[in-house]
Amino acid sequence: MLSLDNRLFRNMLLLITYAVALVVVIVKIDVILDWGAGVLVAFRPIFIGFAIAFILSRPCNFFVRVYSRGLGKRWERLARPLAVTTAYLILFAVFGILISLVVPELTRSIQRFAGNMNVYAANLQAVFEFVVEKLSLESLATLNLSNKISEILSNAFDQVLATLTGTIPHLISATSTLVSAVVTGVISFVFSVYMLSGGPKLVAQCRRLVIVYLPENIARHVLDVTRLTADTFTKYVSGQLTEACILGSLCFLGMVVFRFDYAPLISVIIGVSALIPVAGAYIGAVLAALLLAMISPIKAFWFLVFLAILQQLEGNLIYPRVVGTSLGLPGIWVLAAVTVGSSLLGFVGLVISVPITAVVYTILKYDLRRRLPQKGEYTTDKPHIDESSDEEG
């Protein structure tokens, strides 16, 4: 009887504690959210460093295997430091090439845009008159769109100059923000080097912690989910990067062959926007078309036709062969993941929402497959868990 009373007392105490904690969370939700945001900001360099190390882990492991075979048993301990150095040299080289392509082209584009404002205004006026004539909008025929555009552009430049002049007193604040960003970047780089250099050791330590401090059943599930998450993110990141490189390279070659303007700049825009799932293709196409429309609307139209054909060719023929199997996520899940992820976490959510959803989808699929045969009404109904239905989502 005494044991029963003690157990009841402990359960009541736990219930009261949970209720008080829930009330505190509800009443002080703003304080808790601010504290959580501060914690995330404090851990930002670690998160960024982990992201860099994760992206470079696959090429680093490849170079580790290459150097291990080349150095032999005697110098095998130097394989990982050399592999880490090689991976970062490749990363810096890629960024250097992108900057050398984008910055000069962007400077020339701005200069060309500023020097050809009258030409752009005349082109838009011609398009406007063509639309008015075809649609019989005589009431708008007297509108001089060229003068309006020139006036708008002139006012826009005046506004930009006024804004720049007004921001000069805030130069100190901007400088401090820049210094903080640089410091965060350096610390993140250092963390990524440590994580990449000691990757196998860190993974082994985390695995031992999980096995020692968690029950065996829970530890097994945690390790399985972690392995699935790492495999899914690796497949997703490598697939997106490969697709972006192939699409950007093919876009550059096609623009050179068909003599489109701004070939290096637009190719980089198309390649970078390909990293964004679903919406990336449309964002890159719109930005590129706007740049070309300033020169010639006809060129912009033909570029959109060329890009649509290129994306179909790359998505249906090249991508499956080079990247391999996809994440196996139905289209409706991808769209839902991108929508919710971008709303909650902005650009970060836009990037990581798809692989996270793929992990959840895979776990639910296998758990559903495991649980359904245990239900009496489904034991003789095999089509409910047919593999083809799983693939269709």
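Residues numbered from 1 in each chain as written. Predicted model: local features only at pLDDT ≥ 70, side-chain atom pairs only at ≥ 80, totals over all residues. Heavy atoms only, no water.

## Digging into the overall build of the chain
Counting its regular elements, the chain contains 14 helices and zero strands. Seen in sequence order, the chain has helices and strands lined up from the N terminus as α-α-α-α-α-α-α-α-α-α-α-α-α-α. Here the chain holds 393 residues, and the buried ones make up 25% of them. Summed over its atoms, the accessible surface of the chain is roughly 26,700 Å², and 71% of this surface lies on carbon and sulfur atoms. (Helix = DSSP H or I, 4+ residues; strand = E, 2+ residues; numbered from the N terminus. Buried < 20%, exposed > 50% of the residue type's maximum accessible area, 1.4 Å probe, protein only. Areas by Shrake-Rupley, 256 points an atom, 1.4 Å probe, with all protein chains shown as cover.)

## Points about the side chain of Thr86
One can find Thr86 in helix H4 (residues 79-115). Those residues in contact with Thr86, other than ones at most four positions away along the chain, are Phe63 and Tyr67. (Contact = heavy atoms within 4.5 Å.)

## Some details on helix H11 (residues 280-293)
Over its 14 residues, H11 runs 20 Å from end to end, which matches the ideal 20 Å to within 8%, given 1.5 Å per residue. Restricting attention to buried positions, one finds in H11 the residues Gly280, Gly284, Ala285, Ala288, Ala289 and Leu292. The buried residues of H11 occupy an angular sector of 150° when the element is viewed end-on, so they sit on one face. Those residues of H11 that are exposed and aimed more than 90 degrees away from the buried face are Tyr282 and Leu290. (Expected span 1.5 Å × (residues − 1). Arc of directions from axis to C-beta.)

## With respect to the nonpolar core
Membership of the largest hydrophobic core comes to 19 residues, with the highest contact counts inside it found for Cys251, Met255, Ile266, Ile270, Leu292, Phe303 and Phe306. Every element with two or more residues in this core is listed here: helix H9 (216-257), helix H10 (263-273), H11 and helix H12 (297-323). In terms of nonpolar packing, the next biggest core, distinct from the first, is built from 11 residues, Ala53, Phe63, Val84 and Met195 among them. (Core = buried A, V, L, I, M, F, W, Y, C linked by side-chain atoms within 4.5 Å.)

## Describing the packing of H9 against H10
Packing of H9 against H10 brings their axes to within 8 Å, and their N-to-C directions diverge by 155°. In this view, H9 runs roughly antiparallel relative to H10, as classed from their interaxial angle. Judged by the twist between their axes, the crossing of H9 over H10 is right-handed. Together, Ala244, Leu247, Gly248, Cys251, Phe252, Met255 and Val256 of H9 and Ala263, Pro264, Ile266, Ser267, Ile270 and Gly271 of H10 make up the contact between the two elements. In the contact of H9 with H10, the residues fall into 10 nonpolar, three polar and no charged. (Axes fitted to C-alpha atoms, helices over the stretch in contact; angles between N-to-C directions. Parallel < 35°, antiparallel > 145°, perpendicular 65-115°, else oblique. Left-handed = near helix turned anticlockwise from the far one by under 90°. Nonpolar A, V, L, I, M, F, W, Y, C, P; charged D, E, K, R; others polar.)

## Concerning the packing of helix H2 (residues 29-42) against helix H3 (residues 44-71)
Any two packed helices are characterised by the angle at which their axes cross and by the distance between the axes. As a packed pair, H2 and H3 sit with axes 4 Å apart at the nearest point and diverge in direction by 50°. It follows from the interaxial angle that H2 and H3 lie oblique. Between H2 and H3, the contacting residues are Leu40, Val41 and Ala42 on the first element and Arg44, Pro45 and Phe47 on the second.

## As for the confidence of the model for the chain
Across the chain, the average pLDDT comes to 75, with 74% of residues at or above 70. Within the chain, the element-level pLDDT minimum falls on helix H14 (residues 387-391), averaging 43, and the maximum on helix H8 (residues 199-213), averaging 87. This model gives residues 377-393 a pLDDT under 50, and the stretch forms 15 contacts once residues within four places in sequence are excluded. (pLDDT = per-residue confidence, 0-100.)

## Observations concerning unusual backbone geometry
Even without a glycine there, the phi angle at Arg259 is positive, about 60°. For Tyr262, which is not glycine, the phi dihedral falls at a positive 60°. Residue position: Tyr262 is located in the loop between H9 and H10. Accessibility expressed as a relative area gives 8% for Tyr262, which makes it buried.

## Things to note about the side chain of Ser273
Positionally, Ser273 belongs in helix H10. On the accessibility criterion, Ser273 (7% relative accessible area) is buried. Separated by 2.9 Å, the side chain of Ser273 and the backbone oxygen of Ile269 make a polar contact. A polar contact is formed between the side chain of Ser273 and the backbone oxygen of Ile270, at a distance of 3.0 Å. (Polar contact = N/O pair within 3.5 Å; in protein donor to acceptor, adjacent residues only side chain to side chain.)

## Things to note about the packing of aromatic side chains
According to the stated counting rule, one finds 14 aromatic pairs in the structure shown. Each ring, one from Phe260 and one from Phe303, has its centre 5.8 Å from the other, and the planes form 80°; the classification is edge-to-face. Here the residue Phe260 occupies a position in the loop between H9 and H10, and Phe303 occupies one in helix H12, the gap between them amounting to 43 residues. Here Phe260 and Phe303 have matching classes, each one buried. Joined through ring pairs, the aromatic side chains of Phe258, Phe260, Phe303 and Phe306 make up one cluster. The lysine or arginine in question, Lys365, covers the ring of Tyr366, its NZ or CZ lying 5.8 Å from the ring centre. (Phe/Tyr/Trp six-rings, centres within 6.5 Å; stacked < 30°, edge-to-face > 60°. Lys NZ or Arg CZ within 6 Å of the ring centre and 35° of its normal.)

## Here we look at a nonpolar patch on the surface
Taken together, the side chains of Leu89, Phe92, Leu178, Val182, Val186, Phe189, Val190 and Tyr194 make up a nonpolar region of the molecular surface, amounting to roughly 810 Å² of accessible area. Secondary structure elements with two or more residues in the nonpolar patch: H4 and helix H7 (171-197). Within the secondary structure, Leu178 is located in helix H7. (Patch = residues over 30% accessible without salt bridge, like charges linked within 9 Å, V, L, I, M, F, W, Y side chains within 5 Å. Salt bridge = Lys/Arg side-chain N within 4 Å of Asp/Glu carboxyl O.)

## Notes on the environment of Cys251
Mapped onto the elements, Cys251 comes out in helix H9. Between the C-alpha atoms of Cys251 and Leu307, which are 56 residues apart in sequence, the distance is 7.5 Å. With residues near it in sequence (within four places) discarded, Cys251 still touches Ser267, Ile270, Phe303, Phe306 and Leu310.

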